[in-house]
Amino acid sequence: MGETSDSNINQFPAFPGGGQLIHPDQALPTNLFVIPSTGPVVFPTLIAPFVIWHPQAIATIEEAMSRHKVVGFLLTRSDDIPDKVTSADLFDVGIAARILKRIKLPDGNIHVLIQGVSRFRIKQTLSQEPYIAVEPEYLEEKPLEKSIESDALSRAVINHVKELSDANPFFNDELRLALVNASHGGVVADIVAFALGLNKKEAQEFLETVGIQERFQKLLLHLKREHDVATVQRKINDEVNQKVSSLQREFFLKEQLKLIKKELGIEEEGKDKNARTFRERIVAAKMPPDVEKIALDELNRFESLQEASPEYNISRNYLENLASLPWSFETEDNLKLDHAESVLNEDHFGLEKVKRRILEFIAVRNLQTEVKPGQKKGAIILLVGPPGVGKTSIGKSIARAMNRNFYRFSLGGMRDEAEIKGHRRTYIGAMPGKFIQAAKRAGSKNALILLDEIDKIASSYHGDPASALLEVLDPEQNSGFLDHYLDIPFDLSQMIFICTANSTQTIPAPLLDRMEVIELSGYTLEEKQHIADTHLWPKALLKNGLLGAQVKLEPRLIPLLIRGYAREPGLRQLQNQLDTLARRYAAKIVERREARERIRFPLTIKSEYELVEALGPERYNKETWIDETKAGTTIGLAWTALGGEILNLESVELAGSGQLKLTGRMGEVMVESANLAWTLVKKRLIENLVVTANSLKFRDIHVHIPSGAVPKDGPSAGITLATALYSLFSGLRPVPRLAMTGELSLTGRVLAIGGVREKLLAATRAGIQSVILPRENKKDLHEIPLEVLKTIKIHFVETLEDVLSLALNPDESVEKPLLPRIQPRNRATQKLRKKSGIISGKTIKSGKLRGQPY
């Protein structure tokens, strides 16, 4: 149950300063928990680590830590620890030890650091389960009486230790210092016994020897034996040294023999063969003249090195990397637009913006070959979008369409600049950076390199990888990319770099400026339905060993599956749900075969009940908007790295001191938007005589956005917050199934926002019928799919008044009881309120400023 954490306990610094016992904080306990051990023995005052692996022993340690932190270690009588340990399996004498430190390991074991405190003998066994507990008799040591015999024994032991210090590394200066500073002879004896590494039987006998003089006498026998072993070991070392000298002589003779054979042309040695191969590969690589000169110089240096030299392998690896790079080899581009378009359409449905950009690149390359045949610049493209929209797979399709070699590596979590630009050759284990390795593995200088997760690069004290990427992703600089390992410029300008990211917010601005950004917002319901029917479902059947003729999925169920189980913008979750469905029916087929039932193919999934039976309850509610609209509630639209989202915003008023309370994990920017919206709404409420400034001092407003565990931030919720607050005080209900997004200024202007496509797609998925957008975002509608524009009615607004007139239904006002308020004492003010139609806090229908629908 207890084992030391190292195979040789003596390698651990086990001697406390001065050899003095670190006493426990309290007296030794009258009852003691026992841990069985196979060794070694940690004598009093010594410190050693143990790994506790047995469940019973782990529970014992935990119990002891909650009490007095002192346990007893007893050696087992057998070599192994039985599964069920009782006190009969253990020796009677052991060591009481204090637990100094306890660490839980990932595999469930416990690493403890203990210090021996005292010898003890089992006086009585108190329990066997769940813990072995005993009543101990602590064996106290009496100091060794001063006498000629005791002094002689002590000096003999110390002299033996000094003699063994040259042969045995464990008898070092630290041990000798501990012996000199030991408090009494018993500590000296225990330290020496521990350093000797006695076997289990000898250690138990020494542990049971309480008398210090008897312990010294036993130590002298063990030290004499250790001295004899050291003498024999020294003799063996001398013989080995003589053999090494003869081996060196043999080595020199063999080297002379190699030279003779080389002169006679008898055979070619390994190093010579490597040098010849490298020379042939360097010539075949057709390197630039300056690079070839450096490579040949390094080869000449390699030929002069001995194989036993540390520099030999360093030089060999460097030449291997140089000769393996595609200095001149490139694949021939397929510049036919119809071929590229057919390949892209075959692999992906939708993604028209990316496809159009690739076709433009191919068309430009086609014309360049006619105007400037030598110009073959690559491209640097950044694909930004939620997970699962096909960013990585489109890279493979582009490489296939252009007949280019493809290589992918991930930048996510990269912290070291050397992973980009390589290590210098002076370091142990140095290797080229990722881009040189990518060129080497791709095998051509015009390959397509996919840099995945570029928005998840980290930085540390090792450097900033994002800054190192600036040279690689700069078309004006990467023609002479200098890797620290090669220390030779390498041309990356003909490569196409396609980077992927979920968001551009974490990408440094200088790096983002070097890339052409193409946004992939996600798929519409119709696109998802088409992809699932033509690509994902056949792929799921094939993946799970099924044929299309065995299981069929009714097309009308696919929209239900998407709305209920896979609403995210990408296709990954949809693919997972289809895989689950295919696995379920694969299991049914196998079960029926084993039961020898007759199966009528195809098995058709044709009801919603069968979907629920296979996939479980729906993950999403069928309606995500507020069903029963109430005053003070609105629907907002938000952008996230995973696509667009619907935000249901709620607000209530209650008696208080005029405070605005915001909950739902709103970020700093959204909190500022809420305060700004409240300022605008208060101003309009007071101007329209809905409330008085004095009455607002006695009301608290609480605004909440559900899903409180999810952080929310951004300025685009300004008009949503303002509409909810105005609805709360005016009593006007919001128009059903209407969502909005837009930033507010302090003067009430509605400012442009981003992520329009993602937000409208989210509104479509949620069944929203109308959306309010800033007028400045009208230019973004050309990126919105036509089927989305047919589904949603879009209103463009310029001011907060436009928003309120569109979002609040004057025909649906509610008579809401007002909280106690201070009425104005001025009768003229009361008459003015009544004349304006403000009766008991409810406003009359006023003139409406409608926005123009798109």
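Rules of the game
Residues numbered from 1 in each chain as written. Predicted model: local features only at pLDDT ≥ 70, side-chain atom pairs only at ≥ 80, totals over all residues. Heavy atoms only, no water. Helix = DSSP H or I, 4+ residues; strand = E, 2+ residues; numbered from the N terminus. Buried < 20%, exposed > 50% of the residue type's maximum accessible area, 1.4 Å probe, protein only. Contact = heavy atoms within 4.5 Å. Areas by Shrake-Rupley, 256 points an atom, 1.4 Å probe, with all protein chains shown as cover. pLDDT = per-residue confidence, 0-100. Axes fitted to C-alpha atoms, helices over the stretch in contact; angles between N-to-C directions. Left-handed = near helix turned anticlockwise from the far one by under 90°. Phe/Tyr/Trp six-rings, centres within 6.5 Å; stacked < 30°, edge-to-face > 60°. Lys NZ or Arg CZ within 6 Å of the ring centre and 35° of its normal. Pairing = 2+ DSSP bridges. 1 Å grid on protein atoms, 1.4 Å probe; cavity = no way out; pocket = protein on both sides within 12 Å on 5 of 7 lines; lining within 4 Å. Points joined across faces, edges and corners; volume = space filled by probe spheres on them. Nonpolar A, V, L, I, M, F, W, Y, C, P; charged D, E, K, R; others polar. Core = buried A, V, L, I, M, F, W, Y, C linked by side-chain atoms within 4.5 Å.

For the rest of this paragraph, the subject is the overall build of the protein chain. Counting its regular elements, the protein chain contains 27 helices and 28 strands. Looking at the protein chain as a whole, 47% of its 854 residues are labelled buried. Pairs at least 24 apart in sequence give 76% of the contacts found in the protein chain among residues at least 6 apart. When the accessible surface of the protein chain is summed, it comes to about 43300 Å², and 52% of that surface belongs to carbon and sulfur atoms.

Turning to the confidence of the model for the protein chain, a few remarks are in order. Per-chain confidence: the protein chain averages 79 in pLDDT, with 84% of residues scoring 70 or above. Element-level pLDDT for the protein chain is lowest in strand β28 (residues 852-853), with a mean of 32, against a maximum mean of 93 in strand β25 (residues 770-774). When the criterion is pLDDT under 50, residues 4-25 qualifies, and its contacts beyond four places in sequence or with other chains add up to 54 contacts.

Let us look at the packing of helix α17 (residues 525-543) against helix α18 (residues 557-565). As a packed pair, α17 and α18 sit with axes 10 Å apart at the nearest point and diverge in direction by 115°. Here the hand of the crossing between α17 and α18 comes out right-handed. Only Ile558, Pro559, Ile562 and Arg563 of α18 make contact with α17, whose side of the interface consists of Leu525, Lys528, Gln529, Ala532 and Asp533.

Tallied over the full model, the rule gives twelve aromatic pairs. An aromatic cluster is present here, built from Tyr407, Phe409, Phe435, Phe481 and Phe497 joined pairwise through their rings. The side chain of Arg425 reaches across the aromatic face of Tyr318, ending 3.8 Å from its centre.

Moving on, we come to the sheet that holds strand β8 (residues 379-384). Spatially, the five strands line up as an open sheet ordered β9-β10-β13-β8-β14, and their pairing is parallel. Both outer strands of the open sheet, β9 (406-410) and β14 (516-519), are each paired with one neighbouring strand and no more. Adjacent strand axes in the sheet meet at a mean angle of 20°, parallel and antiparallel pairs treated alike. Across four bridges, strand β10 (residues 448-452) lies against strand β13 (residues 496-501) in parallel orientation. Each bridged residue has a counterpart across the sheet, and for Leu451 the counterpart in β13 is Cys499. The strands touched by helix α14 (residues 434-442) are β9, β10 and β13; relative to β9, the strand with the most contacts, the crossing angle is about 150°.

Right, let's talk about the pairing of strand β5 (residues 93-104) for a bit. Pairing of strand β4 (residues 70-75) with β5 involves four bridges; the strand directions are antiparallel. In the sheet register, Phe73 faces β5, and the bridge partner there is Ile95. Hairpin connection, β5 to strand β6 (residues 110-127): the antiparallel pair is bridged by five residues, and Gly108 has positive phi, about 100°.

Here we take up the layout of surface pockets. By volume, the second largest pocket amounts to about 660 Å³. For the second largest pocket, the lining is made up of 22 residues, of which Gly388, Gly390, Ser393, Lys539 and Leu571 are closest to its centre. Of all the elements in the fold, those that place two or more residues in the lining of the second largest pocket are α12 (391-402), α17 and α19 (572-594). Along the lines of polarity and charge, the residues of the lining of the second largest pocket split into seven nonpolar, nine polar and six charged.

The subject of this paragraph is the nonpolar core. One finds Trp537, Leu574, Leu578 and Leu581 to be the most contacted residues of the largest nonpolar core, which totals 55 residues. Here this core takes seven residues from α19, the largest share from any one element. Once you skip the residues sitting within four places of it in the chain, Leu581 turns out to touch Trp537, Leu553, Leu561, Ile605, Leu611, Ala614 and Leu615. Membership of the second largest hydrophobic core comes to 52 residues, among which are Ile282, Leu319, Leu492 and Ile507.

Moving on to unusual backbone geometry. Backbone torsion omega between Glu129 and Pro130 reads -5°, so that peptide bond is classified as cis. Mapped onto the elements of the fold, Pro130 is located in the loop between β6 and β7 (133-139). The phi angle at Thr45 is positive, at roughly 80°, despite the residue not being glycine. With respect to the helices and strands, Thr45 occurs in the loop between β2 (32-37) and β3 (47-52). Overall, Thr45 belongs to the buried group, its relative accessible area being 6%. Positive phi values are uncommon outside glycine, yet Arg737 reaches one of about 55°. With respect to the secondary-structure elements, Arg737 resides in the loop between β21 (732-734) and β22 (738-740).

For the rest of this paragraph, the subject is helix α26 (residues 800-807). α26 sits mainly inside the fold: seven of its eight residues count as buried. Those residues of α26 not exposed but buried are Leu800, Asp802, Val803, Leu804, Ser805, Leu806 and Ala807.

Inspection of every chain in the model, using the stated rule, returns five cavities of 30 Å³ or more. In this model, the largest cavity occupies a volume close to 100 Å³. Elements represented by at least two residues in the lining of the largest cavity include exactly β4, β5 and α5 (200-208). For the lining of the largest cavity, a count of residues per class yields eleven nonpolar, three polar and no charged.

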